[in-house]
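The chain contents come next:
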Amino acid sequence: MIKAAINLLPWRAAQRSYLLKNFMIMLVSVGLIVTSGVYLSYRLNNDFIQKKNILNQQIKQNSTLISHYRKRIYLLKKQRSIPGSKKLVYYNILQLLSQLSHLPVESGYLTKLEVKNHFVTLKGFTHKQNELDHITAFLKKQTNIEQLQLQHIEHTNNQIAFTLNFILKAGASS
């Protein structure tokens with residue numbers, strides 16, 4: 001009997017290398033997809049944590065500032081109630097700050113409030129120019145404020161740092 005001389009090895013070797021090549025391409029693709037997914041989730045989680053830390057820091061700064069000025073106001077009221085103490089009669093700064101807190105400002109916050117005699121300085125940050133316009137328009141409408149001056153500087157991270165200086169007119173105190 002005569003055997004047919006058919007050689008299938010080159011065809012099988014070519015198919016094996018083709019399948020191995022496809023398997024490696026799929027393996028590398030899946031690896032890249034998984035790696036990019038892990039990296040993306042890490043970045044999103046890290047950004048969320050950074051934003052949360054920034055907000056917590058701003059809240060802490062504002063609460064520290066508020067508690068500091070509450071103590072100063074308490075001491076001033078206490079000093080005012082002592083007989084024979086020198087009384088300065090100015091517009092109630094608490095009422096002005098309370099009205100400022102009800103303005104439609106979402107991303108702005110105060111970082112510093114200075115009251116020396118009748119000179120007042122407000123410093124803060126905001127992300128939107130129209131919020132700063134709301135604040136200055138409100139202060140311009142107040143009849144007990146003179147010589148309102150605004151200074152603002154735009155930072156690289158789209159924050160606008162502002163400083164408002166004005167003089168409170170003397171008036172009835174509460």
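Counting starts from 1 at the beginning of each chain's written sequence and moves along it residue by residue. Predicted model: local features are reported for residues with pLDDT of at least 70 only, side-chain atom pairs are reported and counted for 80 or more only, and whole-chain, interface and lining totals are derived from all residues. Only hydrogens and water are set aside; all other atoms, that is, all heavy atoms of the structure, feed into the side-chain values.

S.K.: Explain the overall build of the protein here, please?
M.R.: Strands here mean DSSP runs of E at least two residues long; helices mean DSSP runs of H or I at least four residues long; both are numbered from the N terminus. In terms of helices and strands, the protein carries three helices and four strands. In the protein, the succession of helices and strands from N to C terminus is α-α-β-β-α-β-β. Think of it in three bands: residues with accessible area under 20% of the maximum for their type are buried, residues over 50% are exposed, and the middle band is partly exposed, with areas taken using a 1.4 Å probe on protein chains only. Scored against the burial criterion, the 174 residues of the protein give a buried share of 20%. Note on contacts: a residue pair qualifies if any of its non-hydrogen atoms lie within 4.5 Å across the two residues. Intrachain contacts of the protein at a sequence separation of at least 6 include 59% that bridge at least 24 residues. Computed with the Shrake-Rupley method and a 1.4 Å probe, the accessible areas treat only the protein chains shown as cover for residues. As presented, the protein carries roughly 13,700 Å² of accessible surface, and 61% of it is formed by carbon and sulfur atoms.

S.K.: I'm lost on helix α1 (residues 9-81) in this one. Help?
M.R.: Note that an α-helix has 3.6 residues per turn; residues three or four places apart therefore point the same way. Given a rise of 1.5 Å per residue, 73 residues ought to cover 108 Å, and the 107 Å separating the end C-alpha atoms of α1 matches this to within 8%. Listing the buried residues of α1 in full gives Q58, L65 and Y69. Along its buried surface, α1 packs onto β1 (109-116). Helix span, expected: 1.5 Å multiplied by one less than the number of residues in the helix.

S.K.: When you look at a nonpolar patch on the surface in this model, what are you seeing that I'm missing?
M.R.: Together, L20, F23, M24 and L27 make up a nonpolar patch on the protein surface, roughly 420 Å² of accessible area in all. In this fold, M24 is placed in helix α1. Nonpolar side chains (Val, Leu, Ile, Met, Phe, Trp, Tyr) are joined into patches within 5 Å and like charges within 9 Å, using only residues with over 30% relative accessible area and no salt bridge. Counted as salt bridges are all cases of a side-chain nitrogen of Lys or Arg within 4 Å of a carboxyl oxygen of Asp or Glu.

S.K.: Where do I start with unusual backbone geometry in this structure?
M.R.: Glycine aside, a negative phi is what most residues show, and trans is what most peptide bonds show. A positive phi angle, close to 50°, is found at Q147, a residue other than glycine. Structurally, the position occupied by Q147 is in strand β3 (residues 145-154). Assessed through its relative accessible area of 58%, Q147 is described here as exposed.

S.K.: Hey, could you run me through the pattern of salt bridges in this one?
M.R.: When the charged atoms of two side chains with opposite charge come close together, those side chains can pair. For the coordinates displayed, the defined rule picks out one salt bridge. In this structure, the salt-bridge partner of K112 is E114, at a minimum N-O distance of 2.9 Å. Looking at K112, the relative accessible area reads 35%, which means it is partly exposed.

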